[in-house]
Structure formats: C-alpha cells, structure tokens
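Commentary on secondary and tertiary structure
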Amino acid sequence: MTIKWEGDQQLAQALRTLQQKSDSAAAQALSGLAFDIRQQVRNELPTWLKLTRAFLPNSVVYEKATETNLSARVGFHQRADFATLLEEGGERKPTSSQAIAVPTNDVRRTNKGGISAANRPKAQLQKKNVFSGRPENAPSATSGIWRAVKKTGLTLLYIYKDSTRYRTKFMKFKDTAEQVVKANHEKRFEAVVTRMINKM
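In what follows, the accompanying structure is described.

What counts and how
- By convention here, each chain's residues receive numbers from 1 onward along its written sequence.
- For a predicted model such as this one, the threshold for reporting local features is a pLDDT of at least 70, and the threshold for listing and counting side-chain atom pairs is 80 or more; totals across whole chains, interfaces and linings nevertheless cover every residue.
- Note that water and hydrogens are dropped before the side-chain values are worked out from all heavy atoms of the structure.
- Here, a salt bridge means any Lys or Arg side-chain nitrogen found within 4 Å of an Asp or Glu carboxyl oxygen.
- In this description a helix means any DSSP run of H or I spanning at least four residues, a strand means any run of E spanning at least two, and both kinds are numbered starting from the N terminus.
- The buried label applies to any residue whose accessible area, calculated with a 1.4 Å probe on protein chains only, is under 20% of its type's maximum; exposed applies above 50%, and partly exposed to all values in between.
- Each residue after the first adds 1.5 Å to the expected span of a helix.
- Across the chain, bend at a residue is computed as the angle between axes fitted to the seven residues ending at that point and the seven starting from it.
- Here, two residues are considered to be in contact whenever any of their heavy atoms come within 4.5 Å of each other.
- When DSSP finds two or more bridges between two strands, those strands count as paired.
- Working convention: axes come from line fits to C-alpha atoms, limited for helices to the stretch in contact. Angles between N-to-C directions cover 0 to 180 degrees.
- Nonpolar cores were defined as sets of buried Ala, Val, Leu, Ile, Met, Phe, Trp, Tyr and Cys residues, with membership established by side-chain atoms within 4.5 Å.

Taken as a whole, this structure holds two salt bridges when the rule is applied. Lys-174 is paired through a salt bridge with Glu-88; the nearest N and O atoms lie 3.1 Å apart. Of this pair, Lys-174 sits in helix α6 (residues 173–199) while Glu-88 sits in helix α4 (residues 83–88), and the two are 86 residues apart along the sequence. In this structure Lys-174 comes out as partly exposed when scored by relative accessible area, which is 45%. Under the relative-accessibility criterion, Glu-88 is labelled partly exposed at 43%.

What follows deals with α6. With 27 residues, α6 extends 36 Å from end C-alpha to end C-alpha; this agrees with the ideal 39 Å at 1.5 Å per step. Along α6, the sharpest kink reaches roughly 50°, centred on Asn-184. What α6 keeps buried is the set Phe-173, Thr-176, Ala-177, Val-180, Asn-184, Val-192 and Met-196.

Another point: the side chain of Thr-104. Mapped onto the fold, Thr-104 is located in the loop between β4 (100–103) and α5 (121–124). Ignoring any residue separated from it by four or fewer positions in sequence, one finds Thr-104 in contact with Arg-109, Leu-156, Leu-157, Tyr-158 and Ile-159.

With that settled, consider the sheet that holds strand β7 (residues 153–161). As summarised here, the arrangement of the four strands in space is β4-β7-β6-β5, forming an open sheet in which the pairing is antiparallel. Because the sheet does not close on itself, it has two edges, and the strands there are β4 and β5 (130–133). Strand-to-strand twist across the sheet, computed as the mean angle between neighbouring axes with direction ignored, equals 30°. For strand β6 (residues 144–149) and β7, the ladder comprises six bridges, and the chain directions are antiparallel. The residue of β7 that forms the bridge with Trp-146 is Leu-156.

Across soluble globular proteins, nonpolar side chains have a tendency to be buried as a group. With 17 residues, the main nonpolar core has Val-41, Leu-45, Leu-49, Leu-56, Leu-86 and Met-171 as its most contacted residues. Broken down by secondary-structure element, the contributors of at least two residues to this core are α2 (22–48), α4 and α6. Take this core: its biggest share by element is four residues, from α2. Counting residues in each nonpolar core, the second largest holds six residues, with Val-107, Ile-115, Ile-145 and Tyr-158 among its members.

Here it is, written out as structure tokens:
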C-alpha cells in the first residue's frame, strides 16, 4: 500500500519560497534585535548616569538591516558623540569651537542638578554683562565666560579647556547589547519565520 500526502508539493514550494526569503527574514530579525537593544539601553541609561534631561536616551538610535546589507546598527546620534567616551573613556576635544566650556559651581543648576538652556554658554553670552575671554585688568586670569555684576564684581561661569578626560565604564552599553541579543535572538528569528510561513 502506498500512502501519498497530497501536500508534499505545497510543502516543497513553501520551503523554496522560505529559502528565497531567507535574507528578508534575517534582515527583519536583526532589525528587531537592534530595536530591542535600543529600548533596553534607553531604559537603563538613568541607572548608569545621573540624567537631568531626556537628551541622551533620545539620542540612542538604530539602523535597520536590509536584504542586501544584513547588518543592523545601534548607537548614539552624532549630536551625542561624547557618549562613546562615557562607555570607553578617553579624551574629548572640541568639535565646533576652539575650546570646551566647563561649568563652574557658580552656574545656576536646576533642582535635578542640570543646567537649563538659559544658563548655558550660548544663552549667557547674549547678555550685556557677560563676556568671553579674560578680564581686561587681569590678563593672567583663567580664560572662560565671565559675568560682571556691579555689587559683586566678576564671576567665572565657564572655564575654557582644550580637552576633558572621561573615566571608563560610566555606561554598560556593549554589555547590555550582548545580553539582549543572547536573550532575544531565537524569539526574534522564530517570530519572523512563523509570520512568513503563515502568509504562504
């Protein structure tokens, strides 16, 4: 007696179709993993650093993989290029100016310890009693951003530095990425393959 399953041709065709779409499946799964990493890093950033704004979490971005480029990327937007130093340590040098403006204790902070836009260098330098450089009567004074007040005299708000150095391991970006991939990669690939099979 011969038993023939009528669905064998459909199965063979389904397998051929799935094989043809393997790059698409891989791209979708990799993109999903990149999304998972971004979300986990955004959630954990406040536990690594004392954040006063959502700037850094919002700067975590990812690029999707494609069928022709099976590589998804997760990292920080270029506006937060200093984030690499928070992970790996190293020296930060100015990019758009000749020096880095480092705030002193005389810069007013918010309740959370941050510096509002109104108290940052660009905004401060718009004020008539604030100037950049050194006081005229004190050429050997520290170069920076100064505020002149008649009653109290001069106050140094920001110090100009050629570079600043970061210690290593403020963050755990790479460790977190590896943990997410290890925990989620099977589920991501299984979900993509299941969706493709259901559409056949």
